[in-house]
Amino acid sequence: MIEHRHRLVGERTRSKNVLRALCRGYGLTCPKGLWSKMGLAWLRTIEWSNEMSSLQRDILVERVESLTAMIRRVEIVLKRRAEINIGVRLLMTIPGVGIRTAEAMVAYIDTADRFSCNKSVGGYLGLVPRQDASGRVNRLGHITKDGPGTVTQTPCGLKCGFQIVLDSSDSEYSHCYEAYILTPSRLSRNSKPYSSRFIFVSADPCLARRSSREWR
């Protein structure tokens, strides 16, 4: 169901992008709150120069509204399941972690004890570098991306990791926090996936303590 919601959100985003491109093609400036009820009503009142554009606009608006209703139905079911799941409730006690982040981590990581160590979570999520070794030569490339993208693309994942760093007394975690937050210019674009791996590896012990009432 989490993957199904992810696909629905992707379809709705594509429809919104086409609508914006259609407006730009006619030199229209879209107002704020375009996807609210008032914004969609504004889109319907626009008179296009030809019938084909009007038909495309109507179909896209109806598609956005239909997909929004579908996403709401899916989220109601997911919220009902999350309320009775101890792991989801535990992860949501971390400031900055919402229901979408928590349920995705619980769904894919499940029982944290099945990993031999916390670092194995990075390999499971595809956040480890590709290795090309031959003899004494060992080359590390980009991350493998073999894991579930639904988890690694969760935008609140960074907030989750940052709070874990703040609550940790480990000097290595504190150093990583300073490098990423206080001086973000130190990290290049290719360093961000490895920061994400650090985040999820750090969050894994939280699921191992499902009996705890809160993260802290």
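Provided above is the structure to which this section pertains.
Below, the structure is looked at part by part. Nothing here was measured: the structure is a model prediction, and the numbers come from that model.

About the cut-offs
- Residues numbered from 1 in each chain as written.
- Predicted model: local features only at pLDDT ≥ 70, side-chain atom pairs only at ≥ 80, totals over all residues.
- Heavy atoms only, no water.
- Helix = DSSP H or I, 4+ residues; strand = E, 2+ residues; numbered from the N terminus.
- Buried < 20%, exposed > 50% of the residue type's maximum accessible area, 1.4 Å probe, protein only.
- Contact = heavy atoms within 4.5 Å.
- Areas by Shrake-Rupley, 256 points an atom, 1.4 Å probe, with all protein chains shown as cover.
- Core = buried A, V, L, I, M, F, W, Y, C linked by side-chain atoms within 4.5 Å.
- Pairing = 2+ DSSP bridges.
- Axes fitted to C-alpha atoms, helices over the stretch in contact; angles between N-to-C directions.
- Parallel < 35°, antiparallel > 145°, perpendicular 65-115°, else oblique.
- Left-handed = near helix turned anticlockwise from the far one by under 90°.
- Nonpolar A, V, L, I, M, F, W, Y, C, P; charged D, E, K, R; others polar.
- Salt bridge = Lys/Arg side-chain N within 4 Å of Asp/Glu carboxyl O.

## Some points on the overall build of the protein chain
(1) Moving on: Of the regular secondary structure elements, the protein chain holds ten helices and two strands.
(2) Moving on: Helices and strands appear in the protein chain in the N-to-C order α-α-α-α-α-α-β-β-α-α-α-α.
(3) Moving on: With 216 residues in all, the protein chain has 35% of them scored as buried.
(4) Moving on: Sequence separation of at least 24 residues holds for 59% of the intrachain contacts in the protein chain that already meet a minimum separation of 6.
(5) Moving on: Taken as a whole, the protein chain presents about 13600 Å² of accessible surface, with 52% of it coming from carbon and sulfur.

## Topic: the nonpolar core
(1) Moving on: Ranked by internal contacts, the top residues of the largest apolar core, which has 17 residues, are Leu91 and Val151.
(2) Moving on: Of all the secondary structure elements, the ones that give two or more residues to this core are α4 (86–91) and α5 (99–109).
(3) Moving on: No other element matches α5, which puts six residues into this core.

## Looking at the pairing of strand β1 (residues 129–134)
(1) Moving on: Sheet topology note: the β1/strand β2 (residues 137–143) ladder contains five bridges and is antiparallel. In the sheet register, Ala133 faces β2, and the bridge partner there is Asn138.
(2) Moving on: In sequence, β1 turns back onto β2 through a hairpin of two residues, with Gly135 there showing a positive phi of about 65°.

## Some points on the packing of helix α3 (residues 51–83) against α5
(1) Moving on: Put simply, α3 and α5 touch, their axes get as near as 11 Å, and they point 65° apart. The orientation of α3 relative to α5 falls into the category roughly perpendicular. When you trace α3 past α5, the crossing you get is left-handed. Listed contacts from α5 to Glu75, Leu78, Lys79 and Ala82 of α3 are Ile99, Arg100 and Glu103.
(2) Moving on: Class assignment of the residues belonging to the contact of α3 with α5 gives a composition of three nonpolar, no polar and four charged.

## So, the pattern of salt bridges
(1) Moving on: For the structure shown, the criterion picks out six salt bridges.
(2) Moving on: Between Arg57 and Asp58 there is a salt bridge, and its shortest N-O distance comes to 2.7 Å.
(3) Moving on: Judged by its relative accessible area of 30%, Asp58 is partly exposed.
(4) Moving on: Between Arg100 and Glu75 there is a salt bridge; the shortest N-O distance is 3.9 Å. Taken together, the residues span a long stretch of sequence, with Arg100 in helix α5 and Glu75 in helix α3 at a distance of 25 residues.
(5) Moving on: Several salt bridges share partner residues, and in doing so they unite Arg5, Glu75, Arg100 and Glu103 into one network.

## Observations concerning the packing of helix α1 (residues 2–25) against α5
How two helices sit against one another is set out by the angle between their axes and by the gap between those axes.
(1) Moving on: In the contact formed by α1 and α5, the axes pass within 11 Å of each other and the chain directions differ by 135°. Of the possible angle classes, the one that applies to α1 and α5 is oblique. Residue-level inspection shows Ile2, Glu3 and Arg5 of α1 in contact with α5, the latter providing Arg100, Glu103, Ala104, Ala107 and Tyr108.
(2) Moving on: For the contact of α1 with α5, the class distribution of residues is four nonpolar, no polar and four charged.

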